[in-house]
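Okay, here's what each chain looks like letter by letter:
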Amino acid sequence: MELPRLVVVGSGVAREVAEISRDLKLAGGALIVTGPRTCELVGGEISRRLEEGGFETALMITKFSKIEEVERAERMAADMGAGFLVGVGGGRSIDVAKLASVRVGVPFVSIPTAASHDGICSAQASLTIDGETTSVSAQAPFGIVADTAIISQAPKRLLAAGCGDIISNITAVRDWKLAHRLRGEEYSEYASALSEMTARMIVETSSELKPGLEESARIVVKALISSGVAMSIAGSSRPASGSEHKFAHAINRIEPGKALHGELCGLGTIVMMYLHGGDWRMIREALEKVGAPTSAADIGLAEETVIEALTSAHTIRPERYTILGSGLTREAAAAAAKKTKII
Ligand SMILES: NC(=O)C1=CN([C@@H]2O[C@H](COP(=O)(O)OP(=O)(O)OC[C@H]3O[C@@H](n4cnc5c(N)ncnc54)[C@H](OP(=O)(O)O)[C@@H]3O)[C@@H](O)[C@H]2O)C=CC1
Ligand SMILES: O=C(CO)COP(=O)(O)O
Ligand SMILES: [Zn+2]
């Protein structure tokens, strides 16, 4: 079980990045992997603070979490002889830095700029390899620096997406239990209990979570970290990624970049909860309260895309057994989507 050495969550903590790096006994240059927007907002500042603290830095701007970008980061890290990698931004930048760091054999520091995904703390990286979203074993961040002053100022869609990614743990755990019972898949009570409890806490506080509030950013970031710990306990993304994630990945395969990861996972959770015979209205209400989309129309998806994703989702990572089993018929997919009002 790989867990971070140090997790710092609070207002203004990004300013202490050099001191935190020294506390972690990090040495040598830092390759900072960041996105175009997040570089402007935070990445440049992190670089300046590290340089002032005596660390040499180089910046790599990435737009895609693709394996080619990981290879580019590896080359840049090797050229500068980086002692550690830093991911500054959303899930894509963090995943690229995370996987490149383990391939180079150096530690990795995670600096999220939004509470939008639970890869902040996980030891997995989700990347596009040969056009497919693939979950790759990487390493847990050595340190996490989550500055709630920065995170609370991110666009409100990102916070809502983060809630969707956490709420999706409810169906992910149901799928895991099903696979354990039907297929004898290895199962961890601790990982599943932590994952489920984290999701329940977000459902219970959903009416209090407001964009722009540091307290809300803190609650969601801590839940995302907790979800990442559940993945570390399991040694895979199983406690946080089931049928609803397959649906999200299927949508991305049909219409890439149409919506945020957590938004699609939230939408998928509504319909997968229905298939599990659970309280899908409770999921829908919680998503509504946090301002996340609850229908295809909310994110500009065509009904046909949703039906196609529902009927093809089981083909994604087929070894991961879920409620989708060997697939839904077109009629069943359309009926489930209509019943749950996602189309
Ligand atoms: N490894 C794991 O365990 C997990 C990985 N993931 C992966 O993470 C990704 C999803 O992450 P997500 O963060 O939703 O998506 P992105 O990384 O694509 O970020 C979405 C957008 O938000 C922008 N952004 C981030 N922070 C701010 C901010 N403070 N202010 C303004 N804009 C900001 C980014 O800017 P910029 O253009 O600068 O990047 C980007 O354009 C997916 O690829 C998913 O597969 C998700 C869950 C778990
Ligand atoms: O997104 C994840 C957990 O929230 C994990 O991603 P995968 O679906 O790629 O395993
Ligand atoms: Zn996810």
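Structure shown above.
So, here is what we can say about the structure in this document. (Residues numbered from 1 in each chain as written. Chains lettered and ligands numbered in written order. Predicted model: local features only at pLDDT ≥ 70, side-chain atom pairs only at ≥ 80, totals over all residues. Heavy atoms only, no water.)

### Focus: the coordination of the zinc ion (ligand 3)
Turning to step 1, where the next piece is worked out: The protein atoms that coordinate the zinc ion (ligand 3) are Asp165 (OD), His245 (NE2) and His261 (NE2), at distances of 2.1 to 2.2 Å.
Turning to step 2, where the next piece is worked out: In the primary structure, the donors to the zinc ion (ligand 3) are separated according to the pattern D-x79-H-x15-H. Within this pair, whereas histidine 245 is found in helix H10 (residues 243-254), its partner histidine 261 is found in helix H11 (residues 261-275), the two being separated by 16 residues in sequence. (Donors = N, O, S within 2.8 Å, 3.2 Å for Na, K, Ca; no water. Helix = DSSP H or I, 4+ residues; strand = E, 2+ residues; numbered from the N terminus.)

### Let's talk about the site of ligand 1
Turning to step 1, where the next piece is worked out: Taken together, 27 residues form the shell around ligand 1, and within it Thr38, Thr113, Ser116, Ser122 and Gln124 come nearest.
Turning to step 2, where the next piece is worked out: Contact distances for ligand 1 include 2.7 Å between a nitrogen atom and a side-chain N or O atom of threonine 113.
Turning to step 3, where the next piece is worked out: Contacts to ligand 1 include serine 122, whose side-chain N or O atom sits 2.7 Å from an oxygen atom.
Turning to step 4, where the next piece is worked out: For ligand 1, whose unbound accessible area comes to 930 Å², protein coverage reaches 86%.
Turning to step 5, where the next piece is worked out: Listing elements by their share of the shell around ligand 1, those giving two or more residues are helix H2 (36-52), helix H4 (91-104), strand S6 (124-129) and helix H6 (156-167).
Turning to step 6, where the next piece is worked out: Residues belonging to the shell around ligand 1 are distributed by class as follows: eight nonpolar, 13 polar and six charged.
Turning to step 7, where the next piece is worked out: Looking at which domains feed residues into the shell around ligand 1, each of domain 1 (6-151) and domain 2 (156-339) gives three or more. (Near = heavy atom within 4 Å. Polar contact = N/O pair within 3.5 Å; in protein donor to acceptor, adjacent residues only side chain to side chain. Areas by Shrake-Rupley, 256 points an atom, 1.4 Å probe, with all protein chains shown as cover. Nonpolar A, V, L, I, M, F, W, Y, C, P; charged D, E, K, R; others polar. Domains from an automatic or database assignment.)

### Observations regarding the site of ligand 2
Turning to step 1, where the next piece is worked out: Taken together, Asp118, Ser126, Ser135, Asp165, Met231, Ser237, Ala240, Ser241, His245, His249, His261 and Arg317 are the residues near ligand 2.
Turning to step 2, where the next piece is worked out: One of the side-chain nitrogen or oxygen atoms of serine 241 is found 2.7 Å away from an oxygen atom of ligand 2.
Turning to step 3, where the next piece is worked out: In the environment of ligand 2, an oxygen atom lies 2.9 Å from a nitrogen or oxygen atom belonging to the side chain of arginine 317.
Turning to step 4, where the next piece is worked out: Contact with the protein chains removes 96% of the 310 Å² of surface that ligand 2 exposes when unbound.

### Some thoughts on the packing of aromatic side chains
Turning to step 1, where the next piece is worked out: Scanning the entire structure with this criterion turns up two aromatic pairs.
Turning to step 2, where the next piece is worked out: Pairing phenylalanine 55 with phenylalanine 84 gives two aromatic rings, centres 5.5 Å apart and planes at 85°, and the pair type is edge-to-face. With a gap of 29 residues between them, phenylalanine 55 in the loop between H2 and strand S3 (57-61) and phenylalanine 84 in strand S4 (residues 82-89) connect regions that are remote in the sequence.
Turning to step 3, where the next piece is worked out: Seen in terms of ring centroids, tryptophan 176 and tyrosine 187 are 4.9 Å apart; in terms of plane orientation they differ by 70°. Their pairing is edge-to-face. With a gap of eleven residues between them, tryptophan 176 in helix H7 (residues 169-183) and tyrosine 187 in the loop between H7 and helix H8 (189-205) connect regions that are remote in the sequence.
Turning to step 4, where the next piece is worked out: Among the residues examined, tyrosine 187 registers a relative accessible area of 18% and is labelled buried.
Turning to step 5, where the next piece is worked out: The ring of phenylalanine 64 carries the charged tip of lysine 66 above its face, separated from the ring centre by 4.8 Å. (Phe/Tyr/Trp six-rings, centres within 6.5 Å; stacked < 30°, edge-to-face > 60°. Buried < 20%, exposed > 50% of the residue type's maximum accessible area, 1.4 Å probe, protein only. Lys NZ or Arg CZ within 6 Å of the ring centre and 35° of its normal.)

No statement about biological role is implied by the geometric values presented.
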